[in-house]
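Coordinate analysis (summary)
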Amino acid sequence: MASFNLADSTVRELNQHLHGSVAGKVSVDNPGGKHSVAVGATDAHDVEINGNVGYYCAGMNAEASIVVNGHAGPGLAENMMSGRVRVTGSASQYCAATAHGGLVVIEGDASSRCGISMKGVDIVVKGNVGHMSAFMAQTGRLVVCGDAGDALGDSIYEAQLYIRGNVESLGADCEEKEMRAEHKEALRGLLESAGISEFSVDEFKRYGSARKLYNFNIDNASSY
Amino acid sequence: MVDKSWLKESATFSRPVIREIQRAAETGIYDIRGFGAKRSIPHFDDLVFLGASMSRYPLEGYRETCDTSVTLGNRFAKNPITIDIPITIAGMSFGALSAQAKEAIGRGASQMGTCTTTGDGGMTPEERGQSKYLVYQYLPSRYGMNPEDLRKADAIEVVVGQGAKPGGGGMLLGQKISERVAEMRDLPQGIDQRSACRHPDWTGPDDLEIKIAELREITDWEKPIFVKVGAARTFYDVTLAVKAGADVVVVDGMQGGTAATQDVFIEHVGIPTLPAVRAAVEALQELDMHRKVQLIVSGGIRSGADVAKALAMGADAVSIGTAALIALGDNNETYEDEYNKLGTSAGFYDDYQDGKDPVGISTQDPALSARLDPVAAGRRLANYLNVLTLETQTLARACGKSHVHNLEPEDLAALTIEAAAMAGVPLAGTQWIPGRL
Ligand SMILES: Cc1cc2nc3c(=O)[nH]c(=O)nc-3n(C[C@H](O)[C@H](O)[C@H](O)COP(=O)(O)O)c2cc1C
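Before going into details, it helps to say that this report is about the structure given with it. (Residues numbered from 1 in each chain as written. Chains lettered and ligands numbered in written order. Predicted model: local features only at pLDDT ≥ 70, side-chain atom pairs only at ≥ 80, totals over all residues. Heavy atoms only, no water.)

A few points about the site of the ligand
Residues and elements named next belong to chain B. Around the ligand sit 24 residues, and of these Gly 91, Asp 252, Gly 300, Gly 321 and Thr 322 come closest. Contacts to the ligand include Gly 91, whose backbone N or O atom sits 2.7 Å from an oxygen atom. The separation between a nitrogen atom of the ligand and a polar side-chain atom of Gln 137 is 2.9 Å. A total of 600 Å² of accessible area belongs to the ligand in isolation, and the protein chains cover 97% of it. Its residues assigned to classes, the shell around the ligand shows 7 nonpolar, 14 polar and 3 charged. (Near = heavy atom within 4 Å. Polar contact = N/O pair within 3.5 Å; in protein donor to acceptor, adjacent residues only side chain to side chain. Areas by Shrake-Rupley, 256 points an atom, 1.4 Å probe, with all protein chains shown as cover. Nonpolar A, V, L, I, M, F, W, Y, C, P; charged D, E, K, R; others polar.)

Considerations on the layout of surface pockets
To find the voids left in a structure, one rolls a probe of water-molecule size over its atoms. Its volume calculated, the second largest pocket comes out at about 800 Å³. Considering the residues around the second largest pocket, the lining is formed by 37 residues, among which Met 136 of chain A together with Arg 194, Ser 195, Ala 196 and Cys 197 of chain B are closest to the centre. For the lining of the second largest pocket, the secondary-structure elements that each account for two or more residues are β9 (170-172), β10 (193-195) and β13 (261-262) of chain B. Split into classes, the residues belonging to the lining of the second largest pocket amount to 19 nonpolar, 12 polar and 6 charged. (1 Å grid on protein atoms, 1.4 Å probe; cavity = no way out; pocket = protein on both sides within 12 Å on 5 of 7 lines; lining within 4 Å. Points joined across faces, edges and corners; volume = space filled by probe spheres on them. Helix = DSSP H or I, 4+ residues; strand = E, 2+ residues; numbered from the N terminus.)

Quick notes on the packing of helix α7 (residues 234-243) of chain B against helix α9 (residues 273-286) of chain B
All names here are of chain B. Their axes nearest at 8 Å, the elements α7 and α9 cross at an angle of 40 degrees. With respect to α9, the axis of α7 lies oblique. Crossing angle aside, the handedness with which α7 passes α9 is right-handed. In contact with Thr 234, Phe 235, Val 238, Thr 239 and Val 242 of α7, α9 contributes Ala 276, Ala 279, Ala 280, Glu 282, Ala 283, Leu 284 and Glu 286. Classifying every residue of the contact of α7 with α9 gives 8 nonpolar, 2 polar and 2 charged. (Axes fitted to C-alpha atoms, helices over the stretch in contact; angles between N-to-C directions. Parallel < 35°, antiparallel > 145°, perpendicular 65-115°, else oblique. Left-handed = near helix turned anticlockwise from the far one by under 90°. Contact = heavy atoms within 4.5 Å.)

Written out as structure tokens, the structure reads:
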């Protein structure tokens, strides 16, 4: 096992280790809110970070499994390609922004713009998400076990949203959709991989694109 | 037949203005088009070189060397790039342009030892394969963005804005979204694709500093990082880009081309390239970063004269978009009949957003794009870059410079008061720079 104590070694050394060395267990202590912790991993490392991290932790991750025992700052797992990221606390803004694949699990809350422009990632938030979550979300799935803030799914494309609690308001072109058997099945799978067993899939509602704004039409100008 | 010769056209309501009002009334939607600003604004044409005279001697063409190489990114990057000519190819997306056009650009640029740039839509194997140096754009949409391509790039360009539309996002209309383009962007085929106007995971210069550090961490501090801004509050934007850790700053003036933007945006937002160069250089000088952080200038560069003037004002290199497309074959008279069918004429075509480009450049239509031979078009681009370089050297030698970077504002005079004020060089025949004591 490789260990990095960020109180006396640098984020650079940690990241260099994650780029190219043989995949294995990596433990990180005293992250102290530092930025860019464990970014750009290229292999199936098993990273455990003990403490809070700053901006862009696990950014552009590929293959690695990264657990943050603490809270995460803005842009957690931004543009992630594959692998898994789990935060035991809460995550700040733009969690999993533009991420292409893999699974992000937030055990606490995620702030505004969770899943902004997501491009295929799966995100499961046990608590609530803030306003403008899934803004311009392209593909992938966002599960929120708590409530969603204002303008959920604004200008959404083909991403699927499953929300258990209250939705403050829906953004432009986002609408509630029928929850069919296949959706319940998919949701069940997501909750299971996130390790969440307290909630039944029947408690969730599904949201997605009304697809009315896909091609510009002047009569829709007031919808934006 | 009415004799039109005595008809008086209104300067306020000119025929294009009348036509635009009629078009707006018919369709109810603003005009979206490609190309750059079309109206007349102060530009490099309003400057002249003084050349050598009693007090300084010129260099002999074809005999005495005049170096044109430029190193980009030696502030923080482990692997800066050195290009042979002070002219790069600007970012133009696959999606906006055909794969053939992207390949041709890569070929032409590589033949001349310079770099080319991806665009909003990701990196294609065609352009990576053909480009000796490829700059990978990091845009708000993050279409096609992935760490593997990031590591394949020779430099990374964080796009904050574009001269054609500072503060505006992008738009690729549904008719240009082929299966391949859609797949690269993770979106359904045939729908309009909006590219966001702001980055999804940072706002402001303090965040940008953290973002740049993240990109450096992901790529092990190897790649030069460029920051591209549209010309607006240029002095402050350049200052903040340098503070945020840029290796290279790219400033794109309002004449800069675009693939699809509202006409009102193209013509009315941003400042011309001329004052932007001066403001950018002043910012770098004030920070003692001139020549340490390189400045690339774009927006309306057409000739070696434009290149030389931008360098004399303090730029390290220039970048071209529209002129490169024209060199490939855009607006070529060979296709006049087809331009006519589209309601336009060679020399006026600007509907890059439509995807019907008869020349096969700004289209995804397989039949149309097949018309562009990437090898021949690449050769034309290389020829054109060669001419720009020779012209630049001619002017530099006339001013007695053995490297094009030795050109300086002192070599210039302005022909108009506006240009003198904007460029910060004296009005020809005087010592007068308006706005300075
Ligand atoms: C067809 C076309 C597509 C463009 N696409 C992009 C793009 O994807 N990203 C970007 O930053 N700029 C884009 N631009 C702007 C150019 O990078 C560059 O700033 C501009 O063309 C320079 O001005 P010039 O055309 O007068 O040389 C595009 C320009 C054109 C003409």
